[in-house]
Amino acid sequence: MTTLAVDAKASGTITFGHLTVNRLGYGAMRITGDGIWGEPKDAEECKRVLRRAVELGVNFIDTADSYGPEVSERLIGEALAPYTKDLIIGTKAGFTRQGPGLWAVVSRPEYLQQQVEMSLRRLKLERIDLWQLHRIDAKVPVEESLGVIKKLQEQGKIKDVGLSEVSVKEIDQARKVIEIVSVQNKYNMEDREAEDVVDYCTKNKLAFIPWNPIGAGRLAKPGGKLDEVAKRHGFTVGQLSIAWLLHRTPMMLPIAGTSTVKHLEENVAAASVKLSEAEWDEIEAASK
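Residues numbered from 1 in each chain as written. Predicted model: local features only at pLDDT ≥ 70, side-chain atom pairs only at ≥ 80, totals over all residues. Heavy atoms only, no water.

1. Points about the overall build of the protein chain
Then, number 1: For the protein chain, the count of helices and strands is ten helices and eleven strands.
Then, number 2: Against the compact-globule benchmark of 19 Å for 288 residues, the protein chain has a radius of gyration of 18 Å, which places it among compact chains.
Then, number 3: Dimensions along the principal axes, computed over C-alpha positions, put the protein chain at roughly 55 × 40 × 35 Å.
Then, number 4: For the protein chain, the residues scored as buried account for 55% of the 288 residues in total.
Then, number 5: Sequence-distant contacts in the protein chain: of pairs separated by 6 or more residues, those separated by 24 or more amount to 74%. (Helix = DSSP H or I, 4+ residues; strand = E, 2+ residues; numbered from the N terminus. Rg over C-alpha atoms; globule rule 2.2 N^0.38 Å. Buried < 20%, exposed > 50% of the residue type's maximum accessible area, 1.4 Å probe, protein only. Contact = heavy atoms within 4.5 Å.)

And the structure:
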């Protein structure tokens, strides 16, 4: 049985753009209602989660205007503002919401400009350290979507800019318009569709922020390789899944989310998981 230290600092640090943070962040999508819609069942517990995350060394929190919508950003502002100097809040825009589980892409320049201003207000910030385009809108040239963001960056309202759910080709296209420092795609031990994007980010020193980081599927089933290795050391499968991401590349910035303090502490402890290269190879072989 391995006793893990519950401290995000154990994950080491990552530098991208003008930002340096501990490599284990927190994703604030789950501090909303069912379907990422409306208020959470226990808003005070969600605020405790946010405060506890900071206490545990988490200094990167990821959110979006569409989580709730507005709810996640508002709770972060209420729970954590005024922010400590090293705490980075990353947010996104580019989705509108029509109800629980419903999302529609809208990245028109005037809409994005409005949403940046509203995010600043809800988060109680004068500048967003990391703003990310939640989705590229097929109806709007990315040059137009990011063109207005570049103007807001020049005005001092945004420090660094990232993308979400993009291909390597789309990243290259966006980088011709504005400096891109991060990419947020779905990625976990079992879902590796974004493998080429991870490699691109590693090569170009962009942060890769995986969403759905613990979606280990068949690998996590009782008796599976992940379950076997986890039990061998006294880890949870979730902890091992996060640790695998941290091991995958130094440009990885996992943002496992939760709405309970207990689960948060379990996730943060993943920063202290250490395995031999032989054990990582064993897990890698089982995942293919």
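2. A closer look at the pairing of strand E8 (residues 128–133)
Then, number 1: Across the six residues of E8, six count as buried, placing the element largely inside the fold.
Then, number 2: Bridging between E8 and strand E9 (residues 158–164) involves five bridges; their strand directions are parallel. Directly across from Trp131, in E9, lies its bridge partner Val161.
Then, number 3: As a crossover connection, the stretch from E8 through helix H4 (residues 142–154) into E9 is right-handed. (Pairing = 2+ DSSP bridges. Right-handed = clockwise from strand over helix to strand, strands pointing away.)

3. What to know about the packing of aromatic side chains
Then, number 1: Considering all chains together, one arrives at four aromatic pairs under this definition.
Then, number 2: The rings of Tyr67, Phe95 and Trp103 are connected pair by pair, giving a single aromatic cluster.
Then, number 3: The lysine or arginine in question, Arg97, covers the ring of Trp103, its NZ or CZ lying 3.8 Å from the ring centre. (Phe/Tyr/Trp six-rings, centres within 6.5 Å; stacked < 30°, edge-to-face > 60°. Lys NZ or Arg CZ within 6 Å of the ring centre and 35° of its normal.)

4. Some points on the sheet that holds strand E11 (residues 207–208)
Then, number 1: The strand order across the open sheet built from seven strands is E3-E4-E5-E8-E9-E10-E11, with neighbouring strands paired in parallel fashion. For this open sheet the edge positions go to strand E3 (26–27) and E11, each flanked by a neighbour on one side alone.
Then, number 2: Relative to strand E4 (residues 60–62), E3 is paired through two bridges, and the arrangement is parallel. Paired with Tyr26 across the two strands is Ile61, which belongs to E4.

5. So, the environment of Arg74
Then, number 1: Inspection of the secondary structure assignment puts Arg74 in helix H2 (residues 71–80).
Then, number 2: Each C-alpha atom, one on Arg74 and one on Lys124, is 8.6 Å from the other, the two residues being 50 residues apart in sequence.

6. Examining the pattern of salt bridges
Then, number 1: Under the criterion given, the structure shown has 22 salt bridges.
Then, number 2: Between Glu44 and Lys47 there is a salt bridge; the shortest N-O distance is 3.7 Å. One end of the pair is Glu44 and the other is Lys47, both in helix H1 (residues 43–55) and three residues apart, which spans about a single turn.
Then, number 3: The exposure class assigned to Glu44 is partly exposed, which follows from its relative accessible area of 43%.
Then, number 4: Judged by its relative accessible area of 14%, Lys47 falls in the buried class.
Then, number 5: Here Arg122 and Glu70 are joined by a salt bridge, their closest N and O atoms 3.7 Å apart. Taken together, the residues Arg122 in helix H3 (residues 109–123) and Glu70 in the loop between E4 and H2 connect sequence positions 52 residues apart. (Salt bridge = Lys/Arg side-chain N within 4 Å of Asp/Glu carboxyl O.)

7. Remarks on the nonpolar core
Then, number 1: Core analysis: the biggest nonpolar cluster contains 49 residues, and Trp131, Leu146, Ile149 and Leu240 have the highest contact counts within it.
Then, number 2: Those residues in contact with Trp131, other than ones at most four positions away along the chain, are Thr91, Lys92, Ala93, Leu112, Val116, Leu146, Ile149, Ile158, Asp160, Val161 and Gly162.
Then, number 3: Among the nonpolar cores identified, the runner-up in size contains 29 residues, and Tyr26, Cys46, Leu50 and Ala256 belong to it. (Core = buried A, V, L, I, M, F, W, Y, C linked by side-chain atoms within 4.5 Å.)

8. Concerning helix H7 (residues 225–233)
Then, number 1: If you check which residues of H7 are buried, you get Leu226, Asp227, Val229, Ala230 and His233. The arc that holds the buried residues of H7, viewed along the axis, is 170 degrees, so those residues lie on one side.
Then, number 2: Check the buried side of H7 and you find it contacts helix H8 (237–248) and helix H10 (277–286).
Then, number 3: Looking at the residues trailing H7, positive phi occurs at Gly234, about 85 degrees. (Arc of directions from axis to C-beta.)

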